[in-house]
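Coordinates in review
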Number of protein chains: 2
Amino acid sequence: MKELWIDLQSDSDQALYEQIYDSVRKDIADGKISPGEKLPSTRFLAKYLGVSRSTVELAYDQLTAEGYIMPRQGSGCYACDISELYQIQKSGKKREQSTGIDMGERNVEISFSPYEVDQRNFPCDAWYRVNKNVSPAEQPELLLSGDPKGQIDLRRQISSYLYQARGVECSENQIIVGAGNEYLLMLLSQILGSEKSVLMEEYTYVNAYKTFCNMGYTLEIARTEEDGICMNDVYHSDADIVYVMPVHQFPLGTVMPLKRRLELIKWASEFENRYLIEDDHDSEFRYKGKPIPALWGNDPGQHVIYLGTFSKSITSSLRISFMVLPNRLLQQYEKSCGFYACTVSRFSQELLFRFMEEGHFERHLNRMRNIYRQKHDTLLALLKQETWVRSIYGDNAGLHVLVEVESSVSEETLCQRAWEIGVEIHSLSEYRIGPAKKTPYPTLLLGYGNLNEKDMERGIARLREILSE
Amino acid sequence: MKELWIDLQSDSDQALYEQIYDSVRKDIADGKISPGEKLPSTRFLAKYLGVSRSTVELAYDQLTAEGYIMPRQGSGCYACDISELYQIQKSGKKREQSTGIDMGERNVEISFSPYEVDQRNFPCDAWYRVNKNVSPAEQPELLLSGDPKGQIDLRRQISSYLYQARGVECSENQIIVGAGNEYLLMLLSQILGSEKSVLMEEYTYVNAYKTFCNMGYTLEIARTEEDGICMNDVYHSDADIVYVMPVHQFPLGTVMPLKRRLELIKWASEFENRYLIEDDHDSEFRYKGKPIPALWGNDPGQHVIYLGTFSKSITSSLRISFMVLPNRLLQQYEKSCGFYACTVSRFSQELLFRFMEEGHFERHLNRMRNIYRQKHDTLLALLKQETWVRSIYGDNAGLHVLVEVESSVSEETLCQRAWEIGVEIHSLSEYRIGPAKKTPYPTLLLGYGNLNEKDMERGIARLREILSE
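Residues numbered from 1 in each chain as written. Chains lettered and ligands numbered in written order. Predicted model: local features only at pLDDT ≥ 70, side-chain atom pairs only at ≥ 80, totals over all residues. Heavy atoms only, no water.

Examining the overall build of chain A
Helix and strand content of chain A: 15 helices and 17 strands. Relative to the compact-globule value of 23 Å for 469 residues, chain A shows a C-alpha radius of gyration of 29 Å, a clear excess of over 25%. Here the C-alpha coordinates of chain A stretch approximately 90 × 60 × 40 Å along the principal axes. Here chain A holds 469 residues, and the buried ones make up 59% of them. Contacts spanning at least 24 positions in sequence make up 72% of the contacts within chain A whose residues lie at least 6 apart. Entry remark: accessible area of chain A is about 19,600 Å², with carbon and sulfur atoms responsible for 46%. Of the charged side chains in chain A, 53 are positive and 67 negative; the average position of the first set lies 2 Å away from that of the second. (Helix = DSSP H or I, 4+ residues; strand = E, 2+ residues; numbered from the N terminus. Rg over C-alpha atoms; globule rule 2.2 N^0.38 Å. Buried < 20%, exposed > 50% of the residue type's maximum accessible area, 1.4 Å probe, protein only. Contact = heavy atoms within 4.5 Å. Areas by Shrake-Rupley, 256 points an atom, 1.4 Å probe, with all protein chains shown as cover. Lys, Arg positive; Asp, Glu negative; His and termini not counted. Charge placed at Lys NZ, Arg CZ, Asp CG, Glu CD.)

Here's what the structure looks like:
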């Protein structure tokens, strides 16, 4: 019988049975105990170590369950041949220090990115309480593959939210939950079929443009006017699909008036296979007046495919978006995409469902609207004092404004210089998919979602430096 | 000033300030307090309700933060116009009763599905403890968009696991984390480019086949031999890509010997743009001998694209898979897919990282291997007593076996009859992508991941009924 050297630490955080488990396991892994060797009896080891017999039994049970030792009827436990077992050493590399802002090599201190939400005011307590209770011990079904469209409970919450907050009337059966807008566009292009042509505005959400390109779609580009997409360009295009953001155009911030909405719907209804993709990703926060209802509401269930996301209303790192399909596309969805499992983990779906169901989402939206409005007002007040600011537009909604600046330097150079001194900032031309266009003055996008007043002041001071060079 | 009727319940679970908040909010929402009406002072209300002033202040602060009331300097609080606020009623529909097994209309009592993992032995305690600590209060960076490939900490854990458990040597830079194998195949087809031709075995993972079809790839079909894919069919195909499962072919359970592996690699190395996709999704559990290393190890970083998943080692509802790319594909990944955000939530990534880093994953694998081996042995012992069982194959690994049965009834009819009496079971032909092939005897797939001995006995008794009809 093998003699064991176990050095028990009574003042350790680790339970005694775990210390015994670790020690025996290590001896077997290191070959100090060979396969086939007999281990001391639990009675003997308990006495020898001065612990209760049940403590040793717990350790032996765990070693048995994981295949390190094997009991033989009436004869005690023996070490196993562990060459068949997984032995995974820690990677050895230290965990990356988190810098707060993940920009790899770049050293960003102040981020005017339009995609960042407020970290400081995230409802951490509610989130913690909800998340803690999402447990497979309570809900074993969380371990089973769920509904490909997303769990019905969550889709009902989304449907209810859409109806009350966005004016989108749809059944939960029309909703498909997925891991981000780009993934849903990949799915959509499999539903609509290949060899389609999409018309997009010259300034747009570039990732959608790139996704369509990757999916083999033909892309056409329309001019953006004050009232939204140029209808003449729509009429003269060969497109089957027009991609728009009627409630809050990204990045320009324009709102499409009813007349243009109806013109678009009329265009779409002329042929059976024409569709409008309404991307509503930047529409939750409006600081003057009521929320503007979605285009879907002007033509429910017919020609509009609605895309929504929790990226701005909660956070983009959650990766939950959804798509609402007209009924006549559902059959095609089932046929070509029904076999794909939902790309959002069931744990995350349950977390979001409860967050909405318990009313936290509604409260969060209203609270953040107030906070973002204050940030918006503060930023505008600061910008209005700056001599290099020629004009500000795209304000009163969303999480960024556009600033036309007094400078003979190119947008690209301005942004690069800002990055060099720790300020992440983007230019309007980064969101342009058409051929480069010379604008009279450089235009910058200033996102303020994750900035407090002090950071805004510091960021603007640094921009002032660059712009007065 | 408005008089408030607030009915405080001192024995409620709800904090007093929340009761005040709820009551005032409801009165404003219902119009009992009109926009512009003045609310009682906190001092007055506290005295009136017999609570501390700070309790009322907390309630008023929250109402202010969410935009229901507004303080005016030196003059108290006033109700706001809430028509701009989100008012989201609960959906009203009751939560779906969870049935344990989510099969919609079908009433499945016993599931021989090959995709289900053991629910009863899931490490709920460890999972609960790890998950509880994944909190944006502790790690605000969880709220930021992360690395498109997946967080580096998690990729390091995966790289370490792959090296030690699967013989896959790669840097974390070659690993791309994504929401499921099908999503990664969509990504891969965007990396490899369109107009490719893929060769797959006649029996295979059908979802991969469907995904390739959806992505516009040309599909060719090879015969499956005892040693894996038929090399003659490989040599005579026009394919650029061969999709294989060398370690544990799904659904047949065959292992590809070294000779065939080397032949495949030789074929792939003949042209620059030939690749082998190694799908390793069913390879973790082997009940005889050591784990079999992946094909990647025979040709590291050259022609093999490795696909792995946590679907069987943890659970498919977690939706985390990963892909390892040869270095020469990384540039193309950056170029065509670098803009896609990682489809796995950062919260889930952090949870999995910690689960692995704290050693739970290794322990879970070893424990489950023992448990699944016992289930495997039990199922085989039960099946060997049945007269309708002609032969059993694909055993000693994975979470299912194949059973050739004595019956003149078609596979399809057998499965349908089983479903009618509450038994989910699948036939071999469901995993066939080639033209229908008449096999001498029907063959069924019996998955046992989520069945205990009693369920197996009940399930087999029901199959016996059908097969002796």
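What to know about the relation of the copies chain B and chain A
When chain B is fitted to chain A, the residual RMSD is 0.1 Å, and the transformation amounts to a turn of 180° plus an axial shift of 0.0 Å. A rotation of that kind, with that shift, is consistent with a two-fold axis. Of the C-alpha atoms belonging to chain B, the one lying closest to the rotation axis is found on Lys132(B), 2.4 Å away. A high fraction, 100%, of the interface residues of chain B reappear at the interface in chain A, so the copies pair face to face through one surface. (Least-squares fit on C-alpha atoms with pLDDT ≥ 70 in both.)

Regarding the pairing of strand β6 (residues 218–222) of chain B
Residue and element names in this part refer to chain B. Here strand β5 (residues 197–201) pairs with β6 via five bridges, running parallel. Bridged to Val 198 within β6 is Leu 219. The handedness of the β5 to β6 crossover, carried by helix α7 (residues 206–214), is right-handed. (Pairing = 2+ DSSP bridges. Right-handed = clockwise from strand over helix to strand, strands pointing away.)

As for helix α6 (residues 181–192) of chain B
Residues and elements named next belong to chain B. Look at α6: 16 Å from first C-alpha to last across twelve residues, which is about the 16 Å you get at 1.5 Å a residue. For α6, the buried fraction is high: twelve of the twelve residues fall into the buried class. What α6 keeps buried is the set Asn 181, Glu 182, Tyr 183, Leu 184, Leu 185, Met 186, Leu 187, Leu 188, Ser 189, Gln 190, Ile 191 and Leu 192. Immediately downstream of α6, the backbone of Gly 193 shows phi near 95°, a positive value. (Expected span 1.5 Å × (residues − 1).)

Concerning empty space enclosed by the protein
All chains considered together, the criterion is met by 14 cavities of 30 Å³ or more. Roughly 160 Å³ of volume is contained in the largest cavity. What lines the largest cavity is a set of 16 residues, among which Asn131(A), Leu351(A), Asn131(B), Phe347(B) and Leu351(B) lie closest to the centre. At the level of elements, α4 (124–132) and α12 (346–357) of chain A together with α4 (124–132) and α12 (346–357) of chain B are the ones that each hand at least two residues to the lining of the largest cavity. Here the second largest cavity defines a volume of roughly 60 Å³. Surrounding the second largest cavity, 13 residues form its lining, Thr343(A), Val344(A), Ser345(A), Thr343(B) and Ser345(B) being those nearest its centre. (1 Å grid on protein atoms, 1.4 Å probe; cavity = no way out; pocket = protein on both sides within 12 Å on 5 of 7 lines; lining within 4 Å. Points joined across faces, edges and corners; volume = space filled by probe spheres on them.)

Notes on the packing of helix α13 (residues 360–384) of chain A against helix α3 (residues 53–65) of chain B
In the contact formed by α13(A) and α3(B), the axes pass within 8 Å of each other and the chain directions differ by 75°. In terms of orientation, α13(A) and α3(B) fall into the roughly perpendicular class. Touching Arg363(A), Asn366(A), Arg367(A) and Asn370(A) of α13(A) are Gln62(B), Thr64(B) and Ala65(B), all from α3(B). (Axes fitted to C-alpha atoms, helices over the stretch in contact; angles between N-to-C directions. Parallel < 35°, antiparallel > 145°, perpendicular 65-115°, else oblique.)

Details of helix α3 (residues 53–65) of chain A
Helix length check: α3(A) (13 residues) gives 18 Å between terminal C-alpha atoms against 18 Å at 1.5 Å per residue, within 8%. Turning to α3(A), the residues buried within the fold contact α1 (16–29), α2 (42–49), β1 (69–72) and β2 (76–79) of chain A together with α13 (360–384) of chain B. Residue Gly67(A) follows α3(A) closely and has a positive phi angle near 85°.

Overview of a nonpolar patch on the surface
All names here are of chain A. A surface patch of nonpolar side chains, about 410 Å² in accessible area, is lined by Trp 5, Phe 44 and Tyr 48. Here Trp 5 shows up in the segment before α1. For Trp 5, a relative accessible area of 66% corresponds to the exposed category. (Patch = residues over 30% accessible without salt bridge, like charges linked within 9 Å, V, L, I, M, F, W, Y side chains within 5 Å. Salt bridge = Lys/Arg side-chain N within 4 Å of Asp/Glu carboxyl O.)

Brief notes about the sheet that holds β5(B)
All names here are of chain B. Within the open sheet, the seven strands sit side by side as β4-β12-β11-β10-β9-β5-β6. Their pairing is mixed. The open sheet has two edge strands, β4 (175–178) and β6, and neither has a second partner. Here the strands of the sheet are splayed against their neighbours by 20° on average, with no regard to which way each runs. Against the sheet, α7 engages β5, β6, β9 (241–244) and β10 (275–279), with an angle of about 165° to β5.

Some words on the nonpolar core
If you look at the biggest cluster of nonpolar residues, it comprises 174 residues, and the most contacted ones within it are Phe112(A), Leu162(A), Leu446(A), Phe112(B), Leu162(B) and Leu446(B). Discounting chain neighbours no more than four positions away, the residues touching Phe112(B) are Leu379(B), Val423(B), Glu424(B), Ile425(B), Leu445(B), Leu446(B), Gly447(B), Leu451(B), Met456(B), Gly459(B), Ile460(B) and Leu463(B). Membership of the second largest hydrophobic core comes to 81 residues, among which are Leu252(A), Tyr275(A), Tyr275(B) and Leu428(B). (Core = buried A, V, L, I, M, F, W, Y, C linked by side-chain atoms within 4.5 Å.)

Let's talk about unusual backbone geometry
In this structure, Pro251(A) follows Phe250(A) across a cis peptide bond, with omega equal to 5°. Take Pro251(A): it is sitting in the loop between β9 (241–244) and α9 (258–269). A positive phi angle is found at Glu195(B), which is not glycine, with a value near 60°. For Glu195(B), a relative accessible area of 73% corresponds to the exposed category. In this structure, Arg319(B) takes a positive phi of about 55° despite not being glycine. Within the secondary structure layout, Arg319(B) lies in the loop between α10 (311–315) and β12 (321–324).

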